[in-house]
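Read off the chains here:
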Amino acid sequence: DEENVNIRQLTRYSNGTIKLRNPHINFMDQDILYHLALGSESHDLIEMFHDVKFVCIGGTPKRMEEFAYYIMKEIDYKIPAGTQLLDISQYSYRYSMYKTGPVLSISHGMGIPSVSILLHEVIKLMYHAKVCDPIFFRIGTCGGIGIDGGTVIITEEALNSDLKSYQELTVLGKKVRRPGKLDKRLCDELLGISRETQEPYDTVSGKTMCTDDFYEGQGRLDGAFCDYSEKEKMSYISHLQRSGVTNIEMESLAFAALTHHAGIRAAVVCVSLLDRIRGDQVLAPKEVLNEWQRRPQKLVARYIKKQLGLV
Ligand code: R2B
Ligand code: URA
């Protein structure tokens with residue numbers, strides 16, 4: 001539609017590389033991507049990153065390291081025998097970043113502030129490295145609303161905790177709203193791929209509510225504080241369900257808002273760790289949780305393999 005054409009013009013050069021919506025970066029002698037431990041003068045970012053096609057981000061360094069090795073196997077990417085993938089951002093002591101050919105795998109920590117800082121720097125990295133039309137994925141975990149643990153949920157639209165489909169941030173003391181939009185076609189393609197494989201679990205799509213807290217912010221009864229009753233919690237969760245919310249997590253809104261503002265196609269794929277109608281504590285054993293957390297990775301890996309012409 002018209003909005004997408006406008007965003008495209010604002011965010012791309014004619015060859016598909018990223019144009020930044022910030023005139024200041026061009027006038028700087030160097031740009032230090034502080035939280036990634038990279039810089040435009042200290043590193044040859046084009047040499048290091050120009051071939052990136054997919055940027056996959058998820059909460060923990062360990063899971064994203066595992067994803068880097070998993071995708072290495074899936075796309076048959078070879079590194080010299082006896083060597084390991086390097087955590088490119090290890091000296092930031094903030095985020096971890098692994099590169100497996102065209103796939104970047106990066107940890108984003110917990111919550112909107114952490115994922116926002118990362119995305120500003122990763123989007124600038126795409127610009128400095130002259131990357132062409134990258135696709136971004138968040139591979140994560142969430143709480144389901146009337147949805148069993150182990151179910152994979154693809155976000156159609158990210159909502160704030162007022163169930164509005166925008167992120168409101170304060171810039172120079174003024175409120176700025178950015179739509180929590182994700183790529184509809186990408187969401188549908190992922191759903192389509194999930195239907196091609198016979199997995200013993202469901203993959204669904206829906207609206208995702210993004211909160212600034214895991215406990216009171218998600219209506220849990222098991223935080224250090226709780227000033228509402230179980231009845232009030234349940235009526236709130238029912239209200240969410242009636243509003244079409246399938247899951248709750250803590251990064252989708254900033255992820256959707258920033259990638260959409262940058263004109264980057266993006267998707268959020270999370271596995272539900274529990275059904276919030278049944279409880280609040282994450283009770284599944286570690287081995288079960290680990291297997292569940294590989295499910296979004298599998299789906300995204302399959303999409304990547306398709307795009308690379310490997311399946
Ligand atoms: C999902 O899991 C984390 C909280 O446990 C948070 O980062 C999120 O969005
Ligand atoms: N992550 C969340 O933010 N909430 C949950 O309930 C589970 C994972």
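Calculation notes
Residues numbered from 1 in each chain as written. Chains lettered and ligands numbered in written order. Predicted model: local features only at pLDDT ≥ 70, side-chain atom pairs only at ≥ 80, totals over all residues. Heavy atoms only, no water. Near = heavy atom within 4 Å. Polar contact = N/O pair within 3.5 Å; in protein donor to acceptor, adjacent residues only side chain to side chain. Areas by Shrake-Rupley, 256 points an atom, 1.4 Å probe, with all protein chains shown as cover. Helix = DSSP H or I, 4+ residues; strand = E, 2+ residues; numbered from the N terminus. Nonpolar A, V, L, I, M, F, W, Y, C, P; charged D, E, K, R; others polar. Patch = residues over 30% accessible without salt bridge, like charges linked within 9 Å, V, L, I, M, F, W, Y side chains within 5 Å. Salt bridge = Lys/Arg side-chain N within 4 Å of Asp/Glu carboxyl O. Buried < 20%, exposed > 50% of the residue type's maximum accessible area, 1.4 Å probe, protein only. Pairing = 2+ DSSP bridges. pLDDT = per-residue confidence, 0-100. Contact = heavy atoms within 4.5 Å.

Asker: Report on the site of ligand 2, specifying residues and quantitative values.
Answerer: Taken together, Thr141, Cys142, Gly143, Phe214, Gln218, Arg220, Ile248, Glu249, Met250 and Leu274 make up the full set of residues adjacent to ligand 2. Take Gln218: an N or O atom from its side chain is 2.8 Å from a nitrogen atom of ligand 2. One nitrogen or oxygen atom from the side chain of Arg220 is found 2.6 Å from an oxygen atom belonging to ligand 2. Relative to its free-state accessible area of 240 Å², ligand 2 is covered by the protein chains to the extent of 93%. Put simply, the parts of the chain that give the shell around ligand 2 at least two residues each are strand S6 (135-144) and strand S11 (245-249). The dominant element in the shell around ligand 2, judged by the number of residues it contributes, is S6, at three residues. Within the shell around ligand 2, the residues separate by chemical class into five nonpolar, three polar and two charged.

Asker: Any details on the site of ligand 1? Residues and values, ideally.
Answerer: In the neighbourhood of ligand 1, the contacting residues comprise Met110, Arg138, Thr141, Phe214, Glu249, Met250 and Glu251. Glu251 is positioned with one of its side-chain polar atoms (N or O) 2.5 Å from an oxygen atom of ligand 1. Burial of ligand 1 by the surrounding chains reaches 81%, relative to a free accessible area of 270 Å².

Asker: Quick rundown of a nonpolar patch on the surface? Include the residues and the values.
Answerer: Together, Phe214, Tyr215 and Val282 make up an exposed nonpolar region whose accessible area comes to about 230 Å². With relative accessibility at 32%, the residue Phe214 sits in the partly exposed group.

Asker: Could you give an account of the pairing of strand S9 (residues 174-179), with specific residues and numbers?
Answerer: Sheet faces and side chains relate simply in a regular strand, where the side chains alternate between the two faces. Where strand S8 (residues 166-171) lies against S9, six bridges are found, and the strand directions are antiparallel. The partner of Tyr166 across the bridge, within S9, is Pro179. Linking S8 back to S9 in an antiparallel pair, the connection comprises two residues, with Leu172 at a positive phi of about 50°.

Asker: So, the confidence of the model for the chain: which residues are in play, and what are the values?
Answerer: Per-residue confidence for the chain averages 98 on the pLDDT scale, and 100% of its residues sit at or above 70. For the chain, per-element mean pLDDT is lowest for helix H1 (residues 2-11), which scores 92, and highest for strand S3 (residues 54-58), which scores 99.

Asker: Mind laying out the environment of Ile264, listing which residues take part and the relevant values?
Answerer: In this fold, Ile264 is placed in the loop between helix H7 (252-261) and strand S12 (265-275). The spacing of Ile264 and Ile135 is 129 residues in sequence and 6.3 Å in space, taken between C-alpha atoms. Once residues lying within four places of it in the same chain are set aside, the contact partners of Ile264 are Arg12, Ile18, Ile123, Pro134, Phe136 and Thr259.

Asker: Tell me about the pattern of salt bridges, and name the residues and values.
Answerer: Counted by the stated rule, this structure contains 26 salt bridges. In this structure, the salt-bridge partner of Asp133 is Arg12, at a minimum N-O distance of 2.8 Å. Linking Asp133 in the loop between helix H4 (112-128) and S6 with Arg12 in the loop between H1 and strand S1 (32-33), this pair joins segments that are 121 residues apart in sequence. Judged by its relative accessible area of 5%, Arg12 is buried. Residues Lys233 and Asp280 are paired through a salt bridge, measuring 2.7 Å at the closest nitrogen-oxygen approach. In this pair, Lys233 sits in helix H6 (residues 230-242) while Asp280 sits in the loop between S12 and helix H8 (286-307), placing the two residues 47 residues apart along the sequence. Taken as a pair, Lys233 and Asp280 share a single burial class, namely buried. Each member of the salt-bridge network shares a partner with another, and the members are Asp183, Arg185, Glu189 and Arg265.

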